[in-house]
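Fold and contact review
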Amino acid sequence: MSVYLDHAATTPMFDVAIDAMNSALRKLGNPSSLHTEGRATRKDVEDAREVIARAIDCLPSEVIFTGSGTEANNAAVKGLFWNSEKKVIIVSSIEHHAVLDPALWLADHEGAELIQIPVDSDGLIDLDFLKRTVAARKNEIALISVMHSNNETGVIQPIAEVVKIAGDIPVHCDAVQSFTKVPISYKNLGLFAMTISGHKVGGPLGIGALILRRAVEIPALLHGGGQEREIRSGTLNAPSIVAFAAAVSAHIFDATKVAQLRDSFESGVIAARPDAVINGESAPRLPGISNITFPGTQSDSLLLLMDSEKVSCSTGAACTAGVHRPSHVLMAMGLTDVLSQSSLRFSFGASNSEADVQFALSVLPRVIERGLAANSVGKK
Amino acid sequence: MKIIAAMSGGVDSAVAAARAVEAGHEVIGVHLALSSNPQKYRSGARGCCTIEDSHDARRAADVIGIPFYIWDMADEFHAGVVENFMSEYAAGRTPNPCLRCNEKIKFAAVLDRAKAMGFDGVVTGHYARTQEGADGRTLHRAVDPLKDQSYVLAVLNREQINGAIFPLGDTEKVDIRIEAEARGLAVAQKPDSHDICFVPSGDNAGWLRDRLGSEVGPIVDQDGTKIGEHKGAYTYTIGQRKGLGLTVPTADGSPRFVLKIEPVTNTVVVGAREDLAVTSMRGENPIFCGPVVGAAPVKGFVQVRAHGAALDCTYYMDGSELVAELDAPLLGLATGQAMVIYDGDRVVGSATICETA
């Protein structure tokens, strides 16, 4: 038996999405071509756009397909900054690197001033800090970007309050982890821009979308044929777009069931290791993400041991060299360097069952024991 | 057995891991990240823990079909190897960091961690052999004399040798490359690494100057007459002839060599070639990977450099120090280097040279 508990990294493609992609791959036609084949593919793309627009509650014309969530985040942060005369960028301190790094890059190369919103020990952003900052710097702020839910802890952020505080300031929201997991209405939130991604929702890799308010024009990252509102060029990836929509319309993710699995797992972990700490436990969370600190361990050892016991989980986000670094998210929540490197993320998805939970719980005690032993000898 | 394969990203450790899998072991590949700020690319034969190397190691593990992880040992490496390298030079000795790495990292931090995690040992791509005998497992030279690495492994104690597997000791390097090619390993023709991995420029003196400063001091001859100036005593090595920058010639025009480095007075002493001659050496902190040496003199060999010759000697313990008396004098021997005693091709033990005469 092997158990996959890393659905926040990527989740299996749904069968309906694979089928939709397979038949789209057999279809000929560039969606931008004017002939019969081109029009047929264009129709599939536009049908898919409408499906996704309905799911996120935006206009079809507000959906700009991109090659990934990362691309959409880059396009939003850089685009909204370049679109403005103002120099201040406000992001939460727990953003994914796909938001944080473009913002840091703009600070290093384009004269931006980056302000990070702190979070409390539950991982919720400090709305008073945001209020004070907006009140003091209102006319200098180019954009605010706050994620809908955090990819490491699953903690859901108060986006409606952020938009209210922002007033006229454009707000972008990275909703990659939240989309299809919890109800989201782009329209009701009143956002300028939002990011979603295909492979987190049962669709394929290599497809994402930037949701950008109608009639808002931002400079392009990719110039070329101008396919997506002149904001994103490149031949439309019709098979992936079609499969993305098929996954979204399948409604296979059962939030209640997944939350039950997570709760069952967490109570089993605490029963086995009473010193374990569930990060962000008392904040509103996504149904499927559980981030747990096991004091006295080293998370890369735990990951190796879990893997050799056939349970796949994560230490958070890996960097290019694959060297585990302390999580900026957990450190922003006040964990020490050491404790943040003693934490694992388990993320549950539509394909998991209670048997998976019980299997993971059955291997956990010996993994933690060995992890504690390894930490006491191999590492200071 | 369940073993960890330490994979540098080079051809040797890749073939060693593949051979361990074939021998029936359950193998997990681990690349050690030894620098907290790794360089992206490898330049020539220098450096051994760039991001490119970790990719090469991962790719080799994938081709072999074993799990692969990166272990961050940068702190341990800095404390156990880099700082030791600097403090030894600062004290006027010439350390061998590869030995320290084997002693403190690969067969200590890694082996200990592996054992705690339920593994039985560590496999590496070192060229050396082990044999099981009446006295337990012993360490021996590799069959390829040009690649033999028993010298840098001689710091391992019995327990560490018992936890180590060296699958390459019976094969010549040229055949390892052919085997890697046949196994489809892309690193088959990757150049060997030389020099010191944490000094990617290869300029040891410059690296040390950047970290230890460059305090000017006298270069003196054996009777104490100042004949020049140096820019940091630790950038000199015993036996060094070039780069002294001396303008006062000797009476007979013969060249001068570094005889001694005195860190307390920041003085470099130079003299004639014959004054470099050493006939005996003493080593501190001896480690024996076979039967422990006693006070009774024994005939054997001593090696004082990684690829140096095995010199005929008589060795024995004098108190806590290991002594080797050479049959024929050796020119230029730096303290800080390891003296490794051999009985034929078997490693008897090693010690760090603290005194020469």
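Reading the values: rules and limits
Residues numbered from 1 in each chain as written. Chains lettered and ligands numbered in written order. Predicted model: local features only at pLDDT ≥ 70, side-chain atom pairs only at ≥ 80, totals over all residues. Heavy atoms only, no water. UniProt positions renumbered as here; feature names shortened; annotations may be inferred. Contact = heavy atoms within 4.5 Å. Buried area = accessible area lost by both parts, 1.4 Å probe. Salt bridge = Lys/Arg side-chain N within 4 Å of Asp/Glu carboxyl O. Polar contact = N/O pair within 3.5 Å; in protein donor to acceptor, adjacent residues only side chain to side chain. Helix = DSSP H or I, 4+ residues; strand = E, 2+ residues; numbered from the N terminus. Buried < 20%, exposed > 50% of the residue type's maximum accessible area, 1.4 Å probe, protein only. Expected span 1.5 Å × (residues − 1). Arc of directions from axis to C-beta. Pairing = 2+ DSSP bridges.

Turning to chain A, the UniProt annotation filed under Cofactor (unreviewed entry) states: "pyridoxal 5'-phosphate". Per UniProt, chain A carries the Sequence similarities (unreviewed entry) text "Belongs to the class-V pyridoxal-phosphate-dependent aminotransferase family. NifS/IscS subfamily."

Some points on the interface of chain A and chain B
Counting residues at the interface gives 21 residues for chain A and 20 residues for chain B. For the pair chain A and chain B, the two sides together bury roughly 1,800 Å², of which 56% comes from carbon and sulfur. Put simply, chain A and chain B have one salt bridge between them. For Arg 113 of chain B, the salt bridge identified is with Asp 300 of chain A, shortest N-O distance 3.1 Å. Seen at the junction of chain A and chain B, the total is three residue pairs in polar contact (both at pLDDT 80 or more). Among the secondary structure elements, those contributing two or more residues to the side of chain A that touches chain B are α10 (299–308) and α13 (354–378) of chain A.

Side note on the pattern of salt bridges
This structure, assessed with the given rule, holds 37 salt bridges over all chains. The partner of Lys 131 of chain A in a salt bridge is Asp 128 of chain A, with the nearest N and O atoms 3.8 Å apart. One end of the pair, Lys 131 of chain A, and the other, Asp 128 of chain A, are both in helix α5 (residues 127–137), three residues apart, so they sit about a helical turn from each other. Owing to a relative accessible area of 45%, Asp 128 of chain A belongs among the partly exposed residues under this scheme. For Glu 140 of chain A, the salt bridge identified is with Arg 137 of chain A, shortest N-O distance 2.9 Å. A residue is classified by how much of its surface remains accessible, and Glu 140 of chain A, at 34% relative accessible area, is partly exposed. Classification of Arg 137 of chain A by relative accessible area gives partly exposed; the value is 21%. Look at the salt bridges and you will find they share partners, linking Asp 12, Lys 147, Lys 173, Arg 177 and Asp 192 of chain B into a network.

Here we look at helix α2 (residues 36–56) of chain A
All names here are of chain A. For α2, which comprises 21 residues, the first-to-last C-alpha distance of 30 Å matches the rise-based estimate of 30 Å (1.5 Å per residue) to within 8%. Those residues of α2 that fall on the buried side of the exposure criterion are Gly 38, Thr 41, Val 45, Ala 48, Arg 49, Ile 52, Ala 53 and Ile 56. Each buried residue of α2 lies within a common arc of 140 degrees when the element is viewed along its axis, so the set occupies one face. Relative to its buried face, α2 has exposed residues pointing more than 90 degrees away, namely Thr 36, Arg 39, Lys 43 and Arg 54. Against the buried residues of α2 lie β2 (63–66), α7 (186–189), β7 (193–197), β8 (208–212) and α8 (238–250). Among the residues trailing α2, Asp 57 stands out with phi positive, at a value near 65 degrees.

Notes on the UniProt feature "domain: tRNA-specific 2-thiouridylase MnmA-like C-terminal" (unreviewed entry) in chain B
In the UniProt entry, the feature "domain: tRNA-specific 2-thiouridylase MnmA-like C-terminal" (unreviewed entry) is given for residues 280–353 of chain B. The span residues 280–353 of chain B carries 0% helix and 65% strand; its end-to-end C-alpha distance comes to 10 Å.

What to know about the UniProt feature "domain: tRNA-specific 2-thiouridylase MnmA-like central" (unreviewed entry) in chain B
In the numbering used here, UniProt assigns the "domain: tRNA-specific 2-thiouridylase MnmA-like central" (unreviewed entry) feature to residues 207–271 of chain B. Structurally, residues 207–271 of chain B comprises 9% helix and 34% strand, and the distance from its first C-alpha atom to its last is 27 Å.

Side note on the pairing of strand β5 (residues 141–145) of chain A
Regular strands place their side chains on alternate faces of the sheet. Residue and element names in this part refer to chain A. Taken across its five residues, β5 has five buried, putting it largely inside the fold. One ladder, built from four bridges, connects strand β3 (residues 88–92) with β5; its direction is parallel. Note that in β5 the partner of Ile 89 across the bridge is Leu 143. Direction of pairing for β5 relative to strand β6 (residues 171–174): parallel, over a ladder of two bridges.

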